[in-house]
Amino acid sequence: MGASDFSKLPHIGESLRRKEDYRFLTGAGQYTDDITMAKQSYAVFVRSPHAHANLKGIDLAAAKAMPGVIEIFTGKDVEGKMGGLPCGWLINNPDGTPMKEPPHPILAQGKVRYVGDHVAMVVAETLDQAKNAAEAVVVDYDVLSAVVRVTDAAKATALHDAAPDNHCYKWALGDKAQVDATFAKAAHITKLDLVNNRLIPNALEPRAAIGSYSRATEEYTLYVANQNPHVERLLMTAFVLGLPEHKVRVIAPDVGGGFGSKIFLYAEDVCLTWGAKQLNRSIKWTAERSESFLSDAHGRDHVSHAEMAMDKDGKFLALRVHTDANMGAYLSTFATAVPTILYATLLAGQYTTPQIYVEVDAWFTNTAPVDAYRGAGRPEATYLLERLVTRCAWELGLGQDEIRKRNFITTFPYQTPVALQYDVGDYHACMNKAQVLADVAGFEARKADSKAKGLLRGIGYSSYIEACGIAPSNIAGALGARAGLFECGEIRVHPTGSVTVFTGSHSHGQGHETTFAQVVAARLGITCEAVDVVHGDTGRVPFGMGTYGSRSISVGGAAIMKALDKIETKAKKIAAHLMEASDADVEFANGEFTVKGTDKKVTFGQVALTAYVPHNYPLDKLEPGLNETAFYDPTNFTFPAGTYICEVEIDAATGFTRVDRFSAVDDFGTIINPMIVEGQVHGGVVQGIGQALLENCVYDPESGQLLTGSLMDYAMPRADDFPHFKLDTVCTPCTHNPLGTKGCGEAGAIGSPPAVINAVLDALKDLKVIDFDMPASPARVWEAIQAAK
Amino acid sequence: MQIHLKVNGKSVHLDVPPNTLLVQALRENLGLTGTHVGCDTAQCGACTVLVNGDAVKSCNVLAAQVNGASIATIEGLAEADGTMHPMQAAFKECHGLQCGFCTTGMVMSAVDLCNKHPKATEPEIRELLEGNICRCTGYQNIVRAVVMGQAAMASA
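Position numbers for residues start from 1 in each chain and track the written sequence from start to end. Written order decides the labels, with chains lettered from A and ligands numbered from 1. Thresholds applied to this predicted model are a pLDDT of at least 70 for local features of residues and 80 or more for the giving and counting of side-chain atom pairs; totals over whole chains, interfaces and linings are not thresholded and use all residues.

Visitor: Account for the overall build of chain A, naming residues and giving values.
Guide: Numbered from the N terminus, helices here are DSSP runs of H or I no shorter than four residues, and strands are runs of E no shorter than two. The number of helices and strands found in chain A is 20 helices and 28 strands. Both definitions apply: the radius of gyration is a C-alpha atom measure, and the globule rule equals 2.2 Å times residues to the power 0.38. Computed over its C-alpha atoms, the radius of gyration of chain A comes to 27 Å, within 12% of the 28 Å expected for a compact globule of 789 residues. Considered along the principal axes of its C-alpha atoms, chain A spans approximately 85 × 75 × 55 Å. In chain A, buried positions account for 58% of the 789 residues. By definition, residues are in contact whenever their C-beta atoms, placed on the basis of the backbone, come within 7 Å of each other. Long-range contacts, defined as pairs at least 24 residues apart, comprise 81% of the intrachain contacts of chain A with a sequence gap of at least 6. Three exposure classes are used, all based on how many other C-beta atoms lie within 10 Å of a residue's own C-beta (placed from the backbone): buried at 20 or more, exposed at 12 or fewer, and partly exposed between those limits.

Here is the structure:
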């Protein structure tokens, strides 16, 4: 079934309330820390208090003698017994040599490289006993000088022998000579330096895991707060522990938010799985929030210089970008793809810029590993481009809307100069709708009102695009991915006509149990109550690549659609037999099979029962049962896009900046459940505004200590930081998947930061503040105002 | 030490170390895992329960400190037949939850908020929810849910 027919099915586009809500609302959700195993022991990790140090020795004598201690593992125990954590994406330098890929040990081997690096795992009968023993572990550190800023990395003490200048890779995209030549004859060039501030994901459920092992079956089980249990299992068995996959079951039960930070294979997960066999005990570990701050993979942390060459009318001719990207101390699972494949390829944005050259240098520093965080590369690209475009407008005396409209892509498919081909979109429609929604016409009056109150008001635009539905495996493979990026879905029709769906996508808040059930119910003409969705268990779901990059509905949903096609094909044959008709004459709609031109019909339930009670059945031609599995590998990325308009009010006396109005118009293609989609946009926008106004991860540049290491120090967005957002949509269905969907999980976080900062700069223009780096906290805004005086 | 509590209307007796937090007593001793731990600085509010009717962050109080108190957790909010409390129903209706982890504490805070401020306006509700962090929803639908739950509680 194609996208056009699909979108017309009953209940597609209806805001059905979520099936999963009852358990969450009554306290019956089951997150990893809620699970208690028989004979469970507890692990606590001894972490480095230093950003960079040689390990001279570890004295475990006192700790091992503490009450309740079962065992303490250090680097020496794992050395030679397992590999290090793998990086899932190979990036090559322009000369074809591979990136520097130093070992990422499971427990520190001779050296620690960031505050929070894992040195030892203490296992005890109770959590308190494990904590007490961890404090008694004596580690002799020889402290080295640390580097935390990406721009200081080249001159700092080397973290790894394999990377003597701390350089991980240089990567480039585009024709430099051609772009330089265009710049040389451009009528106007706009330049901008910017920092994309480092963020700490802070999913509300801290990371947690329980490792178990059965000597009877030689099977390992790992419960883990994770977004992609099959990927976790693949990485852990194939690259680290060398175990056969069928002996390892990974279960990601209810997971309390991910935002990217729970994609990755972490050292703790490996230690718990391996340790469970060594001790023949289940071992549970739950991160404290301060551990999450130190050891979850962080996000962003780019320092960039961007230049746009234009003709006299503001038409973009060429874009030139250099970015330094902070990898942190080690390469996390997808770290290397973020500032390259997921970033540079988005720099065309919504514009016809014909030539683009991007160069990226990635560096090691003594900070937590940096990896994908909601948007992953695309927020960094959008922030750079949309800040630059607004600067271009102001330098040329054009409106923020006008410069965008002059450069919008209007014909599709559109081949960008940075590898991607956009299939469809309508950027003018999003812009026009956003301007109405935001009541741009009333801005000057509101600005006058603010002025009367002694406040400054500014308006900011951002027209974002993102590449979602990750990813065509062949393209990803050619670009360095070490995994495929398809998805798997199984439809199990039960004899009484109800259905269980097994999906490789994983829901950690996105509401798949409802949206996917809606898809299946609509296709089969049954109720949503008759459909249950199972996810997050390698023991139940055939395979899966998991949830990230706004891929679940467009890739996971498409796999379910393919499986449904197979179900429908087989069910028609069964129905044809029951109605004594030819297969070709059977039609299926609204849960009923009919024969063209007759009044014969059988229901989906009758066919399901017949498949399992095949008394009257074409057994010579057809197997009993109604159970189909499909794998779907997308042929292109999907390209959600939209325009966001933000208005801020600033008190120049204090620097306090308040988002007064925020309007978002998104094109997500087909929308299955508008309520859930709006919720995703709300959450994304708040994370984006959080980055723009509040959040900032700060390491001390001398000691490498994390200064924003708790919720007391790191400003998380709260309910009273925001106005009521206005949302609307445009729909140009994706042309290459059977649903027409594009994905909606990250758009808010991608589109909103530049809209906010452009609004801040618009408000501060009259005070001669022309540049500003996130976050626009009161102190930083006030300082910028003073500096411009 | 011996501690007596009334939890969700039932008397319970616990023998726990004196440093046991209320949240530990609920989760580990009583198996009431609907109350969650999201932080270690009493900032996130995921562990919010009602102590003698007041919203309290149960990670920030010792079980011994509430000896003799009446505790209400999320598990006791719905009716005996499973029918959700009006605030729970409002959260479902308004899509005021996504991953569900902050939700139980958020709902308990919202119930306390509406008991004490039955006529709170939307900006006041936003301010009164300051002690509860949600990373998923962007708060908009939580605020809508509290407005709806407030009305339902007032008319119940």
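Additional details are given in the paragraphs that follow.
Visitor: For the environment of A:Asn132, give the residues involved together with the corresponding values.
Guide: For A:Asn132, the location among the structural elements is in helix α5 (residues 127-136). Expressed as a C-alpha distance, the spacing of A:Asn132 and A:Met66, which sit 66 residues apart in the sequence, is 7.9 Å.

Visitor: Just give me the short version of the domain arrangement of chain B, but keep the residues and values in it.
Guide: All names here are of chain B. As used throughout, domain bounds are those supplied by an automatic or database domain assignment. When the domains of chain B are assigned, the result is domain 1 (2-76) and domain 2 (86-155). Between domain 1 and domain 2, the C-alpha centre-to-centre distance is 21 Å. With 15 residues of domain 1 at the contact, the number on the domain 2 side is 11 residues. Of all the secondary-structure elements, those providing two or more residues to the side of domain 1 that touches domain 2 are β3 (48-51) and β4 (54-57). Per-element tally for the side of domain 1 that touches domain 2: the top contributor is β3, with 3 residues. Along the lines of polarity and charge, the residues of the side of domain 1 that touches domain 2 split into 7 nonpolar, 7 polar and 1 charged. Any residue outside Ala, Val, Leu, Ile, Met, Phe, Trp, Tyr, Cys, Pro, Asp, Glu, Lys and Arg is labelled polar, Gly included; the first ten of those are nonpolar and the last four are charged.

Visitor: How would you summarise unusual backbone geometry if you had to cite specific residues and measurements?
Guide: Note: most residues except glycine have negative phi, and most peptide bonds are trans. Geometrically, the link from A:Phe412 to A:Pro413 is a cis peptide bond, its omega value of -5° lying close to zero. Of note, A:Pro413 is situated in the loop between α11 (400-407) and β16 (414-415). A positive phi angle is found at B:Ala42, which is not glycine, with a value near 55°. When you line up the elements, B:Ala42 lands in the loop between α1 (22-29) and β3. Judged by C-beta crowding, with 15 C-beta atoms within 10 Å, B:Ala42 ranks as partly exposed.

Visitor: If you had to explain the interface of chain A and chain B to someone new, which residues and values would you point to?
Guide: With 41 residues of chain A at the contact, the number on the chain B side is 43 residues. Contributing elements (two or more residues each) for the side of chain A that touches chain B: α2 (21-25), α9 (289-295) and α18 (674-694) of chain A. With 7 residues, the single largest contributor to the side of chain A that touches chain B is α18(A). Among the residues forming the side of chain A that touches chain B, the class breakdown is 17 nonpolar, 14 polar and 10 charged.

Visitor: An account of the pairing of strand β1 (residues 40-47) of chain A is needed here, citing residue identities and associated values.
Guide: Residue and element names in this part refer to chain A. Among the 8 residues of β1, 7 are classified as buried, and the element is accordingly described as predominantly covered. Across 3 bridges, β1 lies against strand β12 (residues 282-286) in parallel orientation. The partner of Gln40 across the bridge, within β12, is Ser282. Think of it this way: DSSP has to see at least two bridges between two strands before they count as a pair.

Visitor: Any details on the packing of α11(A) against helix α12 (residues 427-437) of chain A? Residues and values, ideally.
Guide: A pair of packed helices is characterised by two quantities: the angle between their axes and the separation of those axes. Residues and elements named next belong to chain A. Relative to each other, α11 and α12 sit at 165°, their axes nearing to 10 Å. As far as their axial angle goes, α12 and α11 are roughly antiparallel. Crossing handedness for the pair α11 and α12: left-handed. Across the interface between the two elements, Asp401, Arg404 and Lys405 from α11 touch His428, Met431 and Gln435 from α12. Between the N-to-C directions of two axes lies an angle of 0 to 180 degrees, each axis being a line fitted to C-alpha atoms and, for a helix, fitted only over the stretch in contact. Comment on the angle field: the value is read as roughly parallel under 35 degrees, roughly antiparallel over 145, roughly perpendicular from 65 to 115, and oblique elsewhere. What makes a crossing left-handed is the near helix being turned counterclockwise from the far one by less than a right angle; a clockwise turn instead makes it right-handed.

Visitor: Please provide a residue-by-residue account of the domain arrangement of chain A, values included.
Guide: Residues and elements named next belong to chain A. Split into domains, chain A comes out as domain 1 (3-28 + 486-632), domain 2 (34-144 + 206-255 + 262-295) and domain 3 (302-471 + 636-788). A C-alpha centroid distance of 36 Å is found between domain 2 and domain 3. Taken residue by residue, the interface counts 23 residues in domain 2 and 24 residues in domain 3. For the side of domain 2 that touches domain 3, the leading source of residues is α9, giving 5 residues. A breakdown of the residues in the side of domain 2 that touches domain 3 according to their chemical character gives 13 nonpolar, 6 polar and 4 charged.

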